[in-house]
Amino acid sequence: DTEVTQTPKHLVMGMTNKKSLKCEQHMGHRAMYWYKQKAKKPPELMFVYSYEKLSINESVPSRFSPECPNSSLLNLHLHALQPEDSALYLCASTSRRDSPLHFGNGTRLTVT
Amino acid sequence: SQKIEQNSEALNIQEGKTATLTCNYTNYSPAYLQWYRQDPGRGPVFLLLIRENEKEKRKERLKVTFDTTLKQSLFHITASQPADSATYLCALDDNSGTYKYIFGTGTRLKVLA
């Protein structure tokens, strides 16, 4: 079990749906991340929140909308996705730049 | 352009041998470099972190080296076991003062019994 919890584990959605991914950590970490991972590829950075403020957006399309309601919670709101957005979405957190990233086990998203 | 490349997509070795994985980067000057293990369908799990002023770090059967002149890190697993079979990823920070960590391309290691 990991200390970063992601829900749901699996999600199937149509291209016109709106859904949200949720990530929670109670380690007091102040930086939280969303990564996207396609099969047999490395995790690709999407967003970083630092002290609950969005600090990095890696030119992600606006159909992905992150939100950090508090220091323990990170959401990723999805709207009008494309089939090529199907992937494993990973959340991570860390306390400092020179500390490990703690990952959840991801949400497997399929867009139909 | 910035790149982080790991030497081979897949590596097969015999049980008991030492596995050596390579991480090469261009147009980065990382302060920290990390190595992770990832099993299918799971998130990456942290293994080791090495700082730019450190040459080598060890933990049990694992060893990491960091050469900032060559822009390369080597990751060694000694006395490898079939249970070590997984994908191994290096990740480095971009030294911009942010929390940005970028992953290398990954190496799928298979240890043959």
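Values in this document were obtained by computation on a predicted structure and should not be read as measured data.

**Brief notes about the overall build of chain B**
On a plain count of helices and strands, chain B comes out with 0 helices and 11 strands. When the helices and strands of chain B are placed in sequence order, the string is β-β-β-β-β-β-β-β-β-β-β. In terms of overall dimensions, chain B is globule-like: its C-alpha atoms have a radius of gyration of 14 Å, near the 13 Å expected for 113 residues. A buried classification covers 47% of the 113 residues belonging to chain B.

**Focus: the state of the cysteines**
Here, the word disulfide means a covalent bond between the sulfur atoms of two cysteines. Residue and element names in this part refer to chain A. Evaluated as defined, the whole model comprises 2 disulfides over all chains. With its sulfur 1.9 Å from that of its partner, Cys23 forms a disulfide with Cys91. One disulfide, between Cys23 and Cys91, carries an S-S torsion of -70° and so falls in the left-handed class. With Cys23 in strand E3 (residues 18-25) and Cys91 in strand E9 (residues 87-94), this pair connects stretches of sequence that are 68 residues apart. With respect to burial, Cys23 and Cys91 carry one shared label: buried.

**Remarks on the nonpolar core**
One finds A:Tyr33, A:Tyr35, A:Leu101, B:Leu33 and B:Phe75 to be the most contacted residues of the largest nonpolar core, which totals 45 residues. Residues in contact with B:Phe75, not counting those within four places in the same chain, are B:Ala19, B:Thr20, B:Leu21, B:Trp35, B:Leu47, B:Leu48, B:Leu62, B:Lys63, B:Val64 and B:Tyr88. Within the second largest apolar cluster, 22 residues are counted, among which are A:Leu21, A:Cys23, A:Cys68 and A:Tyr89.

**Quick look at the sheet that holds strand E8 (residues 73-79) of chain A**
Residue and element names in this part refer to chain A. Here 4 strands make up an open sheet; going across it, the order is E1-E3-E8-E7 and the pairing antiparallel. The open sheet is flanked by strand E1 (4-7) and strand E7 (64-70), the only strands paired with a single partner. Between one strand axis and the next, the sheet turns by 20° as a mean value, whatever way the strands run. Bridge analysis of E7 against E8 gives 5 bridges, and the strand direction is antiparallel. Each bridged residue has a counterpart across the sheet, and for Phe64 the counterpart in E8 is Leu78.

**So, the sheet that holds strand E6 (residues 56-59) of chain B**
Residue and element names in this part refer to chain B. Pairing within the open sheet is antiparallel, and its 5 strands lie in the order E1-E3-E8-E7-E6. Only two strands of the sheet have a single partner each, and these edge strands are strand E1 (3-6) and E6. Sheet twist, expressed as the mean angle between neighbouring strand axes with direction ignored, is 15°. Here E1 runs beside strand E3 (residues 19-26); their pairing, made up of 4 bridges, is antiparallel. Looking at E3, one finds that Lys3 is bridged to Thr26.

**Here's the deal with the interface of chain A and chain B**
Where interface size is quoted, it is often the accessible area lost as the parts come together. If you look at the interface, chain A gives 25 residues, while chain B gives 25 residues. Across the chain A to chain B interface the summed buried area is about 2,100 Å²; carbon plus sulfur atoms make up 57%. Of all residues in chain A, A:Arg97, A:Asp98 and A:Asn105 bury the most surface against chain B, accounting for 32% of the area lost on that side. Here chain A is connected to chain B by 3 salt bridges. For the side of chain A that touches chain B, the secondary structure elements donating two or more residues are strand E4 (31-37), strand E5 (44-50) and E9 of chain A. The element that contributes the greatest number of residues to the side of chain A that touches chain B is E4(A), accounting for 4 residues.

**A word on the pairing of E3(B)**
Look at any regular strand and the pattern is simple: side chains alternate between the two faces of the sheet. Relative to strand E8 (residues 72-77) of chain B, E3(B) is paired through 6 bridges, and the arrangement is antiparallel. What sits directly across from B:Ala19, in E8(B), is B:Ile77.

**Here's the deal with the pairing of E1(A)**
All names here are of chain A. Of the two faces of E1, the one lined by Val4 and Gln6 is fully buried and the one lined by Thr5 and Thr7 carries no buried residue. Across 4 bridges, the pairing between E1 and E3 is antiparallel. Across the sheet, residue Thr7 finds its bridge partner in E3, namely Lys22.

What counts as what
- Residues numbered from 1 in each chain as written.
- Chains lettered and ligands numbered in written order.
- Predicted model: local features only at pLDDT ≥ 70, side-chain atom pairs only at ≥ 80, totals over all residues.
- Heavy atoms only, no water.
- Helix = DSSP H or I, 4+ residues; strand = E, 2+ residues; numbered from the N terminus.
- Rg over C-alpha atoms; globule rule 2.2 N^0.38 Å.
- Buried < 20%, exposed > 50% of the residue type's maximum accessible area, 1.4 Å probe, protein only.
- Disulfide = S-S within 2.5 Å.
- Core = buried A, V, L, I, M, F, W, Y, C linked by side-chain atoms within 4.5 Å.
- Contact = heavy atoms within 4.5 Å.
- Pairing = 2+ DSSP bridges.
- Axes fitted to C-alpha atoms, helices over the stretch in contact; angles between N-to-C directions.
- Buried area = accessible area lost by both parts, 1.4 Å probe.
- Salt bridge = Lys/Arg side-chain N within 4 Å of Asp/Glu carboxyl O.

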